[in-house]
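Listed here are the chains, written in short residue letters.
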Amino acid sequence: MRRLPRLLAAALSAALLGLAATPVASASGSAAAPDNVVATAGDQPYASYWYPNTILDWDPATDPDARFNRSRVPLKPRVSDPALKANANARAGEGEVASLVSFAPTSNNPSQGSPDPRYYAFGHWQYVDKLVFWGGSAGEGLILAPNPTVIDAAHRNGVKVYGTVFFPPTAYGGQIQWVRDFVRKSGTRYPVADKLAQAARYYGFDGWFINQETAGGDSTLATEMRDTLRYARSLGPVEFMWYDAMTESGAVSWQDALTTANDAFLQEGSQRTSDSMFLDFGWGASALDSSRSLARSLGRSEYELFAGVDTEANGYNTSAPWSAVFPDGRPHTTSLGLYRPEWTHNSSTDRADSYAREARYWDGANGDPSDTTTTSSWKGLAHYVAESSPVTAKPFVTSFDAGQGDFYHSGGTRVSTTGWNNLSLQDVPPTYRWLVRSTGTKLKASYDFTDAYEGGSALRLTGALDAVNTVRLYQTRLPVAADTRLSVVLKTPAAGPTRLKAAVSFTDSPTAFTTLDLGSTTTAGWERRTLDLSPYAGRTIAQLGLQTTGTAASYDIKVGQLGVYDGSVDATAAPGAPTVLGSTDTGAGSRSLRLAWTAPATGDVHHYEVYRRDAGGGRTFLGATPNDSYFVPRLDRAGTETSTTLDVEAVSTEWGRSPAASTTVTWSAPTETNLALNRPATASGQCNSSETPAKAVNGSVSGGTTDKWCTLTTDKWLEVDLGSPRALNRFVVKHAAAGGESATWNTRDFRVEVRDSASAAWTTAVTAAGNTAATTTHPVAVTARYVRLVVTRPTQTTDPAARIYEFEAWGS
């Protein structure tokens with residue numbers, strides 16, 4: 001891009017551009033079909049990426065990553081009822097929104113989520129029509145296929161997903177030969193185009209974004225590019241979005257509009273070249289008006305043109321001529337292309353800040369899509385575009401799972417304390433974020449990441465309740481039958497009245513709510529209410545929401561699940577024959593695994609959950625996917641167990657659970673190791689910036705007098721997370737003299753505490769008093785995930801500093 005290379009700048013930051021002199025072969029992620037298992041190690045699979053020549057060698061039958069990159073979620077149809085739009089200014093059925101998002105560097109997009117809870121878990125799908133999985137770089141690969149987590153979440157919300165083909169400018173490593181390789185013809189076929197179509201079909205996404213910014217082309221090459229795209233479209237079903245850079249002369253010359261210099265890349269006579277075009281960022285009112293006119297003259301819709309807005313650097317502080325694309329009171333001029341909306345995440349300080357920024361970006365400054373009043377030029381996308389909803393068929397169940405969390409719950413029980421992200425598990429977010437109506441004080445609606453019924457989050461309503469509050473959640477199109485049920489799972493801080501009703505409207509009067517009382521709770525735990533909708537049989541649900549009544553100075557209620565389904569909750573049969581495709585040792589007593597199984601013989605599956613069986617009879621959640629294969633990032637051996645049983649169970653679309661299917665992982669004889677080595681460490685404080693907690697678990701005492709953890713805090717403690725409960729047989733503490741300092745600074749009095757989880761109480765495993773030694777060893781027989789060294793008297797003198805060169809936890 002001219003004023004950029006703007007799309008190039010994204011590749012630099014998002015793909016960690018390396019200007020390699022020689023292209024490297026793809027480390028693509030894709031897999032063999034279920035009936036063709038490819039033997040492999042248990043390493044992390046990643047999204048596929050290629051150069052034009054290396055994609056020719058890609059075959060899902062021999063690529064061990066391929067099956068892990070398949071999406072199993074079909075594209076859902078959507079509805080957008082103008083009568084139910086949140087914002088009076090917004091328009092339905094006109095301009096669309098395309099979003100170009102970089103989720104990770106080109107070569108580092110995990111196929112099925114990761115243990116990192118800090119992730120761009122996008123949740124405003126209701127305003128987006130197409131998502132481009134942005135990436136590609138000269139040093140990694142030019143062709144990037146989207147990973148299945150993004151495809152799953154987008155398709156569940158009715159949003160199409162495109163991969164990216166990126167030819168960078170020559171100044172940033174682009175080579176015109178790569179473009180020629182891309183359009184090379186063999187007989188009547190274009191081999192690279194064949195592979196693009198094959199990848200889209202196999203992985204389950206919808207098309208490709210083509211960004212050709214490499215200089216050195218001519219009119220012949222431009223014609224060959226158009227012929228390649230037309231051929232690729234003919235293979236179907238695969239779509240293409242063209243970026244306004246290369247012109248019909250072959251030169252790279254951004255037009256900021258649809259013009260006679262680039263219109264053949266959209267339409268040429270009766271030949272449809274691409275399905276849409278992304279216009280560079282310099283457009284204005286006249287450019288868009290002329291673009292609309294030219295598109296219509298070509299027999300194409302103006303809404304197949306996406307006027308680009310670059311928000312990578314400034315997010316909602318970006319200035320854009322909004323009235324040119326979305327004029328007040330008149331039809332939209334074109335569609336809108338948003339470049340790098342993940343600024344909301346990348347610029348944030350924590351999850352709460354990320355969600356606040358995303359709300360400002362999409363819903364507007366007031367956190368209310370119906371009220372976008374602001375002095376800022378950025379009013380939020382809700383001001384212009386009416387919400388769309390994929391909730392058009394039963395069953396519909398949401399647990400308000402945002403696709404990330406600090407733990408994982410199943411049926412209200414915590415089955416994992418490990419943080420995670422996985423957009424494949426994200427439920428359809430509420431259509432309205434948040435739309436609360438009250439004649440008094442409005443309650444606050446939010447995602448709650450401290451509790452959940454299923455997954456890692458729940459819906460929470462809090463505030464002073466002094467009037468009726470109606471919370472509009474979902475726009476729907478759900479027909480009601482004689483056996484249709486509405487299910488709500490909720491939790492109150494204590495047993496008592498919920499002051500909550502389910503609110504339902506119907507298409508014959510879509511803005512008028514019928515309410516059904518949810519009564520009182522009998523405990524402070526999760527409770528389910530199942531409501532009979534048979535009195536409304538023959539009608540169609542237009543909206544689902546909640547309504548509060550009564551008064552409470554401090555109202556607080558959590559909703560863990562909301563569902564509409566027919567009859568009783570259906571489960572599926574068990575999945576078949578779980579198999580360990582491969583494993584890789586990741587440390588003493590831990591492995592990563594690749595698993596596969598077959599779909600159940602009966603029943604509709606929403607996703608599969610993978611567990612390990614624990615020695616005490618419980619289970620620990622390892623992950624989940626809609627796919628028939630899953631990568632387990634870490635399986636830890638419990639003590640000296642010789643084998644670990646893994647369970648895979650299918651969760652139906654109505655959230656019924658199948659019997660578990662099992663497989664076994666065998667462990668070799670355990671070896672003792674320092675389990676604290678290089679593990680995450682925290683402390684009460686540190687003496688200076690170089691004497692950090694990490695220095696006490698780095699395995700070294702010979703790096704000088706700063707190769708230690710030191711603190712002067714009143715309470716002195718050092719905590720290490722071993723990652724999972726481990727069997728420990730001794731602790732070793734290396735004090736000041738072990739690092740070459742005075743023996744008078746050796747720790748005199750201390751203790752070692754342990755616990756299995758972050759919520760458990762600490763128990764004392766070791767107490768030491770009157771120590772003078774440089775190194776102390778303390779035999780134990782405990783199992784713990786978290787270990788803590790507490791110093792009560794730091795030296796032999798009155799010196800107040802604790803000095804620990806190493807804190808070791810030995811076990812298996």
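Please read these numbers as outputs of a predicted model, since none were measured by experiment.

## Some thoughts on the overall build of the chain
- Check the secondary structure of the chain and you find nine helices and 45 strands.
- Its C-alpha atoms give the chain a radius of gyration of 29 Å, within 12% of the compact-globule value 28 Å for 812 residues.
- For the C-alpha atoms alone, the extent of the chain along its principal axes is close to 90 × 70 × 55 Å.
- Taken across its 812 residues, the chain has 58% of its residues classed as buried.
- Pairs at least 24 residues apart make up 77% of the contacts formed inside the chain by residues separated by at least 6 positions.
- By element, 50% of the accessible surface of the chain is carried by carbon and sulfur atoms, the whole surface being about 27600 Å².

## Quick look at the environment of R72
- Looking at the secondary structure, you find R72 in the loop between β1 (49–50) and β2 (97–101).
- For R72, a relative accessible area of 34% translates into the label partly exposed.
- Sequence separation of R72 and I151 is 79 residues, and the distance between their C-alpha atoms is 8.8 Å.
- Looking at R72, its side chain comes within polar contact range of the side chain of N627, at 3.1 Å.
- Polar side-chain contacts of R72 include one of 3.1 Å to the side chain of D628.

## Some thoughts on unusual backbone geometry
- For the peptide bond that leads from K394 to P395, omega is 0°, which places it in the cis range.
- In the segment running from R433 into W434, the intervening peptide bond is cis, with an omega of -10°.
- Here W434 lies in the loop between β17 (420–421) and β18 (435–438).
- Residue F400 is not a glycine yet carries a positive backbone phi of 55°.
- With respect to the secondary-structure elements, F400 resides in the loop between β13 (396–398) and β14 (404–405).
- Note on F400: relative accessible area 1%, which makes it buried.
- Positive phi, normally seen in glycine, also occurs at N678, with a value near 60°.

## Focus: the pattern of salt bridges
- All told, the structure shown has 53 salt bridges when counted by the stated rule.
- Between E94 and R91 there is a salt bridge whose closest N-O contact spans 2.8 Å.
- Exposure remark for E94: the relative accessible area of 17% places this residue in the buried category.
- Judged by its relative accessible area of 24%, R91 is partly exposed.
- For the salt bridge of E527 with R529, the shortest nitrogen-to-oxygen distance reads 2.9 Å. R529 carries the same exposure label as E527, and that label is buried.
- One salt-bridge network, in which partners are shared between bridges, spans E454, E609, R613, R619, D647, E649 and R657.

## Considerations on the sheet that holds strand β30 (residues 576–587)
- The strand order β30-β31-β34 describes an open sheet built from three strands, whose pairing is antiparallel. The outermost strands of the open sheet, each flanked by one partner alone, are β30 and β34 (629–636). For this sheet, the mean inter-axis angle between neighbouring strands, taken without regard to orientation, is 20°.
- Relative to β34, strand β31 (residues 590–598) is paired through six bridges, and the arrangement is antiparallel. Within β34, the residue paired with R594 across the bridge is F631.

## With respect to the confidence of the model for the chain
- Residues with a pLDDT of 70 or more make up 95% of the chain, whose mean pLDDT is 94.
- For the stretch residues 1–6, pLDDT sits under 50, and the model shows 26 contacts to residues farther than four places along the chain or on other chains.
- Here residues 8–37 is modelled with pLDDT under 50, and outside its nearest four sequence neighbours on either side it reaches 107 contacts, counting other chains as well.

## Focus on the environment of V468
- Take V468: it is sitting in the loop between β20 (458–465) and β21 (469–479).
- Relative accessible area serves as the criterion here: at 38%, V468 is assigned to the partly exposed category.
- On a C-alpha basis, the gap between V468 and M241 in space is 47 Å, while along the polypeptide they are 227 residues apart.
- Leave out the neighbours within four places in its chain, and V468 touches R437, S438, T439, Q547, T548 and T549.

## Here's the deal with the sheet that holds strand β32 (residues 605–613)
- A sheet is described by the order of its strands in space; here four strands give the open sequence β33-β32-β35-β36, paired in antiparallel fashion. Of all the strands in the sheet, just β33 (619–625) and β36 (661–666) have a single pairing partner and so form its edges. Here the strands of the sheet are splayed against their neighbours by 25° on average, with no regard to which way each runs.
- Where strand β35 (residues 643–652) and β36 come together, six bridges link them in antiparallel fashion.

## Brief notes about the pairing of strand β12 (residues 335–339)
- Most of β12 is tucked away, with five of its five residues classed as buried.
- A two-sided burial pattern is seen for β12, the buried positions comprising S335, G337 and Y339 on one face and L336 and L338 on the other.
- Bridging between β2 and β12 involves four bridges; their strand directions are parallel. In the sheet register, V97 faces β12, and the bridge partner there is L336.
- Relative to β12, strand β11 (residues 305–310) runs parallel, the two sharing five bridges. Paired with G308 across the bridge in β12 is G337.

## A closer look at the state of the cysteines
- This structure, assessed with the given rule, holds one disulfide.
- There is a disulfide in this structure between C687 and C710, and the S-S distance comes to 2.0 Å. Measuring the twist about the S-S bond at about -60°, one finds the C687-C710 disulfide to be left-handed. With a gap of 23 residues between them, C687 in the loop between β38 (681–683) and β39 (709–711) and C710 in strand β39 connect regions that are remote in the sequence.
- By relative accessible area, C710 is classed as buried at 4%.

## Focus on helix α4 (residues 191–203)
- Between its terminal C-alpha atoms α4 stretches 18 Å, which fits the 18 Å expected from 13 residues at 1.5 Å a residue.
- The buried count for α4 comes to ten of 13 residues, which makes it a mostly enclosed element.
- Along α4, the positions that sit buried rather than exposed are V192, A193, D194, K195, L196, A197, A199, A200, Y202 and Y203.
- Positive phi shows up at G204, right after α4, with a value of about 90°.

## Description of the environment of T777
- By secondary structure assignment, the location of T777 is in strand β43 (residues 775–793).
- In the structure, T777 is positioned 248 residues away from R529 in sequence and 56 Å away in space, judged by C-alpha atoms.
- The residues touching T777, leaving out its near neighbours within four places in the chain, are R730, F731 and V732.

## A few points about the nonpolar core
- Membership of the largest hydrophobic core comes to 129 residues, with the highest contact counts inside it found for W208 and L544.
- Sorting elements by how many residues they give to this core places α4 first, with eight residues.
- Core analysis: the next-biggest nonpolar cluster, separate from the first, contains 25 residues, A696, W709, V752 and A809 among them.

## Description of the side chain of R156
- Relative to the helices and strands, R156 resides in helix α2 (residues 148–156).
- The side chain of R156 is buried and forms no salt bridge, while D152, the nearest opposite charge, is found at 5.5 Å.
- A polar contact of 3.2 Å, which involves the side chain of R156, links it to the backbone oxygen of Q426.
- Not counting chain neighbours up to four residues away, the residues in contact with R156 comprise V73, K76, P390, L423, S424, L425, Q426, V428, H606 and P626.

## Thoughts on the packing of aromatic side chains
- Applying the stated criterion across every chain yields a total of 43 aromatic pairs.
- With centroids separated by 5.2 Å and ring planes inclined at 45°, the aromatic side chains of Y361 and W362 adopt a geometry described as tilted.
- Residue W362 is classed as buried on the basis of its relative accessible area of 0%.
- Between R730 and the ring centre of W810, over which it is positioned, the NZ or CZ distance is 4.5 Å.
- In this arrangement the basic side chain of R755 is found over the ring face of Y786, its NZ or CZ atom lying 5.6 Å from the centre.

Calculation notes
Residues numbered from 1 in each chain as written. Predicted model: local features only at pLDDT ≥ 70, side-chain atom pairs only at ≥ 80, totals over all residues. Heavy atoms only, no water. Helix = DSSP H or I, 4+ residues; strand = E, 2+ residues; numbered from the N terminus. Rg over C-alpha atoms; globule rule 2.2 N^0.38 Å. Buried < 20%, exposed > 50% of the residue type's maximum accessible area, 1.4 Å probe, protein only. Contact = heavy atoms within 4.5 Å. Areas by Shrake-Rupley, 256 points an atom, 1.4 Å probe, with all protein chains shown as cover. Polar contact = N/O pair within 3.5 Å; in protein donor to acceptor, adjacent residues only side chain to side chain. Salt bridge = Lys/Arg side-chain N within 4 Å of Asp/Glu carboxyl O. Pairing = 2+ DSSP bridges. Axes fitted to C-alpha atoms, helices over the stretch in contact; angles between N-to-C directions. pLDDT = per-residue confidence, 0-100. Disulfide = S-S within 2.5 Å. Expected span 1.5 Å × (residues − 1). Core = buried A, V, L, I, M, F, W, Y, C linked by side-chain atoms within 4.5 Å. Lys, Arg positive; Asp, Glu negative; His and termini not counted. Phe/Tyr/Trp six-rings, centres within 6.5 Å; stacked < 30°, edge-to-face > 60°. Lys NZ or Arg CZ within 6 Å of the ring centre and 35° of its normal.

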